[in-house]
Amino acid sequence: MTSPADADLEVVHARRPRPRRGVSLRDAGPPVALVVVFGIFAALSPGFRTLSNVQNVLDAAAVLTVVTCGITFVLMMGSIDLSAPGIMGASAIAVALLVANNRNDNDYGLLGVVLAVLLGAGLGCLSGLALVTLKVPSFMTTLGISAVGLGVATLMFAGVQPNVSDRMLAGLAVERFLGLAHLTWIAFACVLVGWLVQRYSRLGRYAFAIGGAEEVLALSGVRVAPYKVAVFTMAGAFYGLAGVMVTSQLGAGLVQAGRGYDFSAIAAAVVGGTLLIGGRGGILHSAVGVLLVTVLTNGLVQVGVSPYWQGGVQGLIVVAAVAAAVIPQRRRNQVTK
Amino acid sequence: MSTPAVTEPAVAGPPVTGRAVAGRRLTSFMPVIALVVLLAALTVADPGFLTLNSLTAAARTSAPLVVLAAGATLVVLCGGIDLSIAALCSLATVFFALWLPDLGGLTTVAVVAATAAIGAAQGVAHVLLRIPSFIVTLGGLSIFSAIALVISDAGPIRVVDRDVTHWLTLYVGGVVPMAFVVALLVVVVVSLVLRSTPLESWIRATGYSESAARLAGAPVDVVKVAAFTVSGACAGLAAIMLVSRNFSGSPTMADNLLLPAVAAIVVGGTAITGGHGSLWRSLAGALVVTLLRVGLPIVGVPSAYEQILYGAIIVAAVALTLDRSKVQIIK
């Protein structure tokens, strides 16, 4: 917005107000799009505009929400994270083997869940360390860590599918509170935690700052590296929790638990208004993005489009959203890798 | 940007310092050394390994990987990355299986042309819309998978007419698998074309410093689109090799080749930051990766470790070959 005070302060940079207006437009865009898309599908399909379908959409969004909470911080730093499938696979199998199951005599209950989340955090920490110490770009380290996670998951899987018999874990997906599955409430809690971290903790604010201007931050005496590792660790913990949630939904541990979630989460975050170059967006943006993606998926199925198109639609959305976000900087940014 | 972020005014000092030269010497022999060491280790572990039969089988297995890696190497040399090769290859197997009854002998050409066009479309999107290449190709990955799932009804399609792909299953001189010869031909022809035209300098210039290349008048955008086109065409060719072996097309057939292909490129010593590297290196890298794949069970390591190994190799190889003079901030 161009308030008079702003205009006074920025006589030198006459062009400054323009990108700002872009930001506010970008902030309002996703919620408006959500309402519009929702309206269109509600008009097209009678099955879509029922209360039970709205519950369905919210329940279906739960796992993606948790994954996106993790990836948002990474994207805010300007990095990228492709490790969700691997970490989710590892934690999904781990939790299935740690709670009461048909493969061994473990029955750790909630402790098992915590351990699985910690495994995820550990793997995330590894990709952060590889980024910081080996100076390998994050899309490569996380691609590598994803493979490592899948390998660990395959090792634990050992050819026999672990079926969960633990009441608590299986109940999370089935039992409802106020019409929504417990998993959905966990997702809400994750958004809340993510928002608190983003808003009130040094970690969240530095993640923003790293994405905006890492060099400036480093020159002003902040040791950037530990915060980067911390962000990747936190993202890993979120993926770990998401893996646990998938296991709870399926009632069994699968190596493929996280398949495709990396891309869906990037799609959700980008659609919500988080820029891939970092420094913009946030948890609440991403939450709107998740809803947008889920509504689109659900609505297309209701209208009669084959569910196999899901990934394709997400791919188109991401490319379009990134292209739209880049347009304001087109002229300045000559080099695209 | 999340790819190796080159700051806009490419102020990177003199790109080649003394240490970098020594390091490059070492990395340029790395893939060959790794190949020899692996062969030796496997022979020690299982003396029966170094026979004509198993080497022939290994060469045949490696062919699709070599072709995929060779194509994507061009994109990496330009400083980008192509994450869609495996999905495009899967899509191409479906195309092949679907088109074969109608097109007959022309199917091979049609599939390669189609994938080349798709690759070009990705290149155009990358260049025109200024989207980072890994986002374009990540989007491409999911779009191609979706198309493949939809047109194949999410299942394998049998290829009944095997005459069209029969030539790929032959052996030259009774020893060398034809598929491997074709893969070698791809590497040789593309390398020769690059060397005998200004293309090689344009690609390297684009990879080392895009803004400098632009200022020097290199047709950067055209070169990039061309690299993506070749990468797409190679994915199509690799698909035909896969079909010739599996006698079917399937929407997920080649999906597990992405990591090995990326691993082959970086193990070969091609820098992910662009400019430094070659197709020959990727050939050596692909052979190393194939030997690892074939060799792990021989040594008695469960194949689950294969994935973990890929992950470790990719990170380690990128760390070794990264051109640090160019990247100031690693995202």
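I will try to describe carefully the structure that is included in this document. (Residues numbered from 1 in each chain as written. Chains lettered and ligands numbered in written order. Predicted model: local features only at pLDDT ≥ 70, side-chain atom pairs only at ≥ 80, totals over all residues.)

A closer look at the overall build of chain B
Phase 1 of the analysis: Secondary structure assignment for chain B yields 13 helices and four strands.
Phase 2 of the analysis: Taken across its 331 residues, chain B has 54% of its residues classed as buried.
Phase 3 of the analysis: Long-range contacts, defined here as pairs at least 24 residues apart, represent 80% of the contacts in chain B between residues at least 6 apart. (Helix = DSSP H or I, 4+ residues; strand = E, 2+ residues; numbered from the N terminus. Buried ≥ 20, exposed ≤ 12 C-beta atoms within 10 Å, placed from the backbone. Contact = placed C-beta atoms within 7 Å.)

So, the environment of A:Arg49
All names here are of chain A.
Phase 1 of the analysis: In this fold, Arg49 is placed in the loop between α2 (17-44) and α3 (51-76).
Phase 2 of the analysis: Judged by the 15 C-beta atoms lying within 10 Å of it, Arg49 is partly exposed.
Phase 3 of the analysis: In this structure, the C-alpha to C-alpha distance between Arg49 and Gly39, residues 10 residues apart in sequence, is 8.9 Å.

Some points on the nonpolar core
Residues and elements named next belong to chain B.
Phase 1 of the analysis: Counting 219 residues, the largest nonpolar core has Leu68 and Ala261 as its most contacted members.
Phase 2 of the analysis: Top element by residues in this core is helix α10 (residues 220-246). It accounts for 16 residues.
Phase 3 of the analysis: Contacts of Ala261, omitting those with residues within four sequence positions, involve Leu65, Leu68, Ala69, Ala72, Ile85 and Ala86. (Core = buried A, V, L, I, M, F, W, Y, C linked by C-beta atoms within 7 Å.)

Description of the packing of helix α3 (residues 85-103) of chain B against helix α4 (residues 107-129) of chain B
Residue and element names in this part refer to chain B.
Phase 1 of the analysis: Two elements in contact, α3 and α4, have axes separated by 9 Å at closest approach and are oriented at 145°. When you trace α3 past α4, the crossing you get is right-handed. Seen from α3, the contacting residues are Leu88, Ala92, Phe95, Phe96, Trp99, Leu100 and Leu103; seen from α4, they are Thr107, Ala110, Val111, Ala114, Thr115 and Ile118.
Phase 2 of the analysis: The residue makeup of the contact of α3 with α4, split by class, is 11 nonpolar, two polar and no charged. (Axes fitted to C-alpha atoms, helices over the stretch in contact; angles between N-to-C directions. Left-handed = near helix turned anticlockwise from the far one by under 90°. Nonpolar A, V, L, I, M, F, W, Y, C, P; charged D, E, K, R; others polar.)

Here we look at the packing of helix α11 (residues 258-267) of chain B against helix α12 (residues 279-299) of chain B
Residue and element names in this part refer to chain B.
Phase 1 of the analysis: Viewed as axis vectors pointing N to C, α11 and α12 meet at an angle of 125°, and their least axial separation amounts to 7 Å. Here α11 is positioned oblique relative to α12, judged by the angle of their axes. The two elements α11 and α12 cross, and the hand of that crossing is right-handed. Where α11 abuts α12, its residues Pro260, Ala263, Ala264, Ile265 and Val267 lie against Ser282, Gly285, Ala286, Val288 and Val289.
Phase 2 of the analysis: Here the contact of α11 with α12 is built from residues that sort into eight nonpolar, two polar and no charged. (Parallel < 35°, antiparallel > 145°, perpendicular 65-115°, else oblique.)

Observations concerning the interface of chain A and chain B
Phase 1 of the analysis: Taken together, the contacts link 48 residues of chain A with 50 residues of chain B.
Phase 2 of the analysis: Those elements that place two or more of their residues in the side of chain A that touches chain B are α5 (110-133), α6 (138-157), α9 (202-219) and α13 (310-326) of chain A.
Phase 3 of the analysis: With 14 residues, α6(A) is the single largest residue contributor to the side of chain A that touches chain B.
Phase 4 of the analysis: Here the residues of the side of chain A that touches chain B sort into 27 nonpolar, 16 polar and five charged.

Thoughts on helix α8 (residues 182-200) of chain A
Residues and elements named next belong to chain A.
Phase 1 of the analysis: Along its 19 residues, α8 runs 27 Å from first to last C-alpha, staying within 8% of the 27 Å computed at 1.5 Å per residue.
Phase 2 of the analysis: Burial in α8 covers these residues: Leu183, Thr184, Ile186, Ala187, Cys190, Val191, Gly194 and Gln198. Around the axis of α8, the buried residues are gathered within 155° of arc, so they sit on the same side. For α8, the exposed residues lying more than 90 degrees away from the buried face are Ala189, Leu192, Leu196, Arg199 and Tyr200.
Phase 3 of the analysis: Packing partners of the buried residues in α8 comprise α3, α7 (167-174), β2 (180-181), α9, α10 (224-250) and α12 (283-303). (Expected span 1.5 Å × (residues − 1). Arc of directions from axis to C-beta.)

Don't take any of this as a statement about function, it's just geometry.
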